[in-house]
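Residue-level structure breakdown
For reference, the chains in residue letters:
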Amino acid sequence: MKGFEHTDISIDHLLYDPITRKGVLNVFDLARIRLDDNNQATGQERTGTIPFMAMDLLSREYFRGEIVRLYRHDFESFLWILAYRLLRGASGQNTDVGKWNTGNYIDCRFAKSDFLTTQMETRQVLDDDNARVWKSVGVGLFRWFDEKLHVMGRLRGLKDQEPEELSWSDLEEINRWDDPSNQSSTQVLKDAEGVIATRLAKAGSSIPFKFQPLSDEELQRHLPSPSTPIHP
């Protein structure tokens, strides 16, 4: 993070460093600087590679510039890349996942929704290594994500139609998911890290890599510094 939102995370913008054995995110030409939590839609935010864009952004409202981009939208792009790479494979034989690869955001949203509701659990993975990672980590992450979308859809509907039915905990849940603050985005990331850690612990030695969630200190290190007020 550190004050930057990439806004166009895609499989073509990810590299692997064989020396450090870590991933590298590159191509920051569409990134924007964010100095604080005062993050409002500008009417000009239409960036993103459609197959890997967050579900919230695959909408007319986003392409009209009416939706605020959040850090979790960038994070969600990594989830879609994970599924695309594991399930489609290097040969690109999985045509269902390949349907995300379209320039039409409505078609892409429909294909992703179909994946979440009918394909996620039954998807066959051709490569054995990919299959182990998908079944051990990918399915758990997308179950968590799908549940989040379902809950937020229900709560947003209540907020619009019957706000008196919302409890304080419901309002807190909405704020945590839609709030552009660093604190909220950090909590979403930590929730996902918890899912990954739990799934890997259950998988045991069948997954040959270690996962270490970011510490609070590391998360704080990567948050943007508060902007300095300008006095006349």
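Nothing here was measured: the structure is a model prediction, and the numbers come from that model. (Residues numbered from 1 in each chain as written. Predicted model: local features only at pLDDT ≥ 70, side-chain atom pairs only at ≥ 80, totals over all residues. Heavy atoms only, no water.)

A short note on the packing of helix H2 (residues 71–88) against helix H7 (residues 182–203)
The interhelical angle for the contact between H2 and H7, taken along N-to-C directions, is 25°, at an axis separation of 9 Å. When the axes of H2 and H7 are compared, the pair comes out roughly parallel. The segment H2 lies against H7, with Tyr71, Arg72 and Phe75 engaging Asn182, Ser185, Val188, Leu189 and Ala192. Class assignment of the residues belonging to the contact of H2 with H7 gives a composition of 5 nonpolar, 2 polar and 1 charged. (Axes fitted to C-alpha atoms, helices over the stretch in contact; angles between N-to-C directions. Helix = DSSP H or I, 4+ residues; strand = E, 2+ residues; numbered from the N terminus. Parallel < 35°, antiparallel > 145°, perpendicular 65-115°, else oblique. Contact = heavy atoms within 4.5 Å. Nonpolar A, V, L, I, M, F, W, Y, C, P; charged D, E, K, R; others polar.)

Here's the deal with the pattern of salt bridges
Scanning the model with the defined rule gives 8 salt bridges in all. With a closest N to O distance of 2.9 Å, Arg72 and Asp56 form a salt bridge. A residue pair is termed long-range when its members are at least 10 positions apart, and Arg72 in helix H2 and Asp56 in the loop between strand E4 (32–33) and helix H1 (60–63) qualify at 16 residues. Among the residues examined, Arg72 registers a relative accessible area of 6% and is labelled buried. Sharing partners across several salt bridges, the network here consists of Asp56, Arg72, Arg156 and Asp178. (Salt bridge = Lys/Arg side-chain N within 4 Å of Asp/Glu carboxyl O. Buried < 20%, exposed > 50% of the residue type's maximum accessible area, 1.4 Å probe, protein only.)

Description of the packing of aromatic side chains
The tally for this structure, following the rule as stated, stands at 13 aromatic pairs. A ring pair is formed by Phe115 and Phe142, whose centres lie 5.7 Å apart and whose planes are at 85°; its orientation type is edge-to-face. Here Phe115 is found in helix H4 (residues 105–119), whereas its partner Phe142 is found in helix H5 (residues 128–161), with 27 residues between them in sequence. Through a chain of ring-to-ring contacts, three or more aromatic side chains come together here, namely Phe52, Trp80, Tyr84, Trp100, Phe115, Trp134, Phe142 and Phe145. (Phe/Tyr/Trp six-rings, centres within 6.5 Å; stacked < 30°, edge-to-face > 60°.)

Some details on the nonpolar core
Counting residues in each nonpolar core, the largest one holds 45 residues, and the members touching the most others are Trp80, Trp100, Phe115, Trp134 and Phe142. Listing elements by their share of this core, those giving two or more residues are H2, H4, H5, helix H6 (168–178) and H7. The dominant element in this core, judged by the number of residues it contributes, is H5, at 11 residues. (Core = buried A, V, L, I, M, F, W, Y, C linked by side-chain atoms within 4.5 Å.)

On their own, these measurements won't tell you what the molecule is for.
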